[in-house]
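Architecture and fold: a report
Residues per chain, in single letters:
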Amino acid sequence: MPAWDLTRASLRLVRARSFRQRLLGLHAWKTWGALPRGLLFPNCRMVHTLGLTCPINVLFLDDQGCILRRITWLAPGRWARCAGAYATLELPPNNDTILQWQAVITQAWSADVSLARNVVA
């Protein structure tokens, strides 16, 4: 996967809404990682990488989109949790600028993820 240039591209958050979307997660997203997109799981405090073939980056967020816990390169077959999280964001491991992601996530959160209005497709 190519590294994203976060200074030139905005991050798009795609929300897993239905039970099926949440169950399939990244398994159903063949082009995941090609563009700066993240899979958002609202009301989620725990994720797993069972069945995945590559590691992922996981961010646990509060209700304002601020990072509470960051896990880089969560390997396949692992679990991760954060008791105080409001949502979990899964991102490809193709970028080493995760420390700069808070501003990008905050921008995407306010632009694309109005949790009260359900605007993310």
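Provided above is the structure to which this section pertains.
This section reports on the structure supplied with the text. Along each chain, numbering runs from 1 in the same order as the chain's sequence is written. It should be noted that, the model being predicted, local features are given only for residues of pLDDT at least 70 and side-chain atom pairs only at 80 or more, the latter also being counted only at that level, while totals for whole chains, interfaces and linings use all residues. For the side-chain quantities, the full set of heavy atoms in the structure was used; hydrogens and water were omitted.

Some thoughts on the pairing of strand S4 (residues 56–61)
So the rule is basically this: Relative accessibility under 20% of the residue-type maximum defines a buried residue, over 50% an exposed one, and the middle range a partly exposed one, all with a 1.4 Å probe and only protein chains included. Going along the chain from the N terminus, every DSSP run of H or I of four or more residues is numbered as a helix, and every run of E of two or more is numbered as a strand. By this definition, two strands are paired if DSSP reports at least two bridges between them.
Buried residues dominate S4, accounting for six of its six residues. The alternating pattern of S4 places Ile56, Val58 and Phe60 on one face and Asn57, Leu59 and Leu61 on the opposite face, and all of these are buried. Relative to strand S5 (residues 67–74), S4 runs antiparallel, the two being bridged by five bridges. What sits directly across from valine 58, in S5, is isoleucine 71. Linkage of S4 to S5, two consecutive antiparallel strands, is achieved through a turn of five residues, within which glycine 65 is found at a positive phi near 90°. Note that S4 and strand S7 (residues 87–91) share five bridges and pair antiparallel.

Considerations on the nonpolar core
Rules: Buried Ala, Val, Leu, Ile, Met, Phe, Trp, Tyr and Cys residues that are joined via side-chain atoms within 4.5 Å together make up what is termed a nonpolar core. Whether two residues are in contact is decided by their heavy atoms: any pair within 4.5 Å suffices.
With 15 residues, the main nonpolar core has Val47, Ile56, Val58, Phe60, Ile71, Leu74 and Ala80 as its most contacted residues. Going through the elements one at a time, strand S2 (37–42), S4 and S5 are the ones with two or more residues in this core. Here isoleucine 71 is in contact with Ile56, Asn57, Val58, Phe60 and Ala80, once residues within four sequence places are set aside. With 14 residues, the next largest nonpolar core counts Leu11, Leu61, Trp101 and Val104 among its residues.

What is shown is where atoms sit, not what they do.
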